[in-house]
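Here is what each chain is made of, one letter per residue.
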Amino acid sequence: MVRVLALMPEEDVTMKFVNFTSKTENPHFEGIYDIGPAELLQNKANVVMVDVRQPEEYIGELGHVEGSSLMVLDTLPEQLGTLPKDKTVVFICRSGGRSAKATAFAKMNGFEEVYNMQGGMLLWNDLQLPVTK
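Residues numbered from 1 in each chain as written. Predicted model: local features only at pLDDT ≥ 70, side-chain atom pairs only at ≥ 80, totals over all residues. Heavy atoms only, no water.

Draft legend 1. Examining the overall build of the chain more closely. If you tally the helices and strands in the chain, you get five helices and six strands. Ordered by position in the sequence, the α and β elements of the chain form the string β-β-α-β-α-β-α-β-α-β-α. For the chain, buried positions account for 38% of its 133 residues. Summed over all atoms, the accessible surface of the chain reaches about 8000 Å², with 53% contributed by carbon and sulfur. (Helix = DSSP H or I, 4+ residues; strand = E, 2+ residues; numbered from the N terminus. Buried < 20%, exposed > 50% of the residue type's maximum accessible area, 1.4 Å probe, protein only. Areas by Shrake-Rupley, 256 points an atom, 1.4 Å probe, with all protein chains shown as cover.)

Draft legend 2. Main features of the packing of aromatic side chains. This model, assessed by the stated rule, comprises one aromatic pair. Taking the centre distance of 5.1 Å and the plane angle of 75 degrees together, the rings of Phe20 and Tyr115 count as edge-to-face. Taken together, the residues Phe20 in the segment before strand S1 (24–25) and Tyr115 in strand S6 (residues 114–117) connect sequence positions 95 residues apart. Each member of the pair, Phe20 as well as Tyr115, is classed as buried. When the ring centre of Tyr33 is taken as reference, the NZ or CZ atom of Lys23 above it lies at 4.7 Å. Note that Lys85 overlies the ring of Phe111, its terminal NZ or CZ placed 5.3 Å from the centroid. (Phe/Tyr/Trp six-rings, centres within 6.5 Å; stacked < 30°, edge-to-face > 60°. Lys NZ or Arg CZ within 6 Å of the ring centre and 35° of its normal.)

Draft legend 3. Structural detail: the pairing of strand S5 (residues 88–92). Extensive coverage of S5 is indicated by the burial of five of its five residues. What you see with S5 is no split at all: Thr88, Val90 and Ile92 on one side and Val89 and Phe91 on the other are buried throughout. Relative to S5, strand S3 (residues 47–51) runs parallel, the two sharing five bridges. Along S5, the bridge assignment pairs Asp51 with Ile92. Where S5 meets S6, three bridges bridge the pair, whose relative direction is parallel. Residue pairing across strands places Val89 opposite Val114, the latter belonging to S6. (Pairing = 2+ DSSP bridges.)

Structure follows, in structure tokens:
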């Protein structure tokens, strides 16, 4: 027996974006928002996490957020099209600078739900959140 789920017309079947309560305006990029590392950890199953550091940094001393993908900042223009526009995307780097640039670039290229992880992996580690090396 096959069950068919009937959707009511008012039901929205599109991906729901994450509404971050820690969202604050980035001090260096107008229209770009930072989110706190702890809130990213709580929501990481519902977002696409992109680390824009160099490969040696990604596996180095600070490690990386489990589940994040490495996409070096210099290669972002060529790879941006591989990221989904129907999901929340969070960019990560060492301190928050490169990832803010990546967030601004994505925003300029039609991404709406993109965020910068405040403080980068330095703050993530300071907060003693789990890392993968």
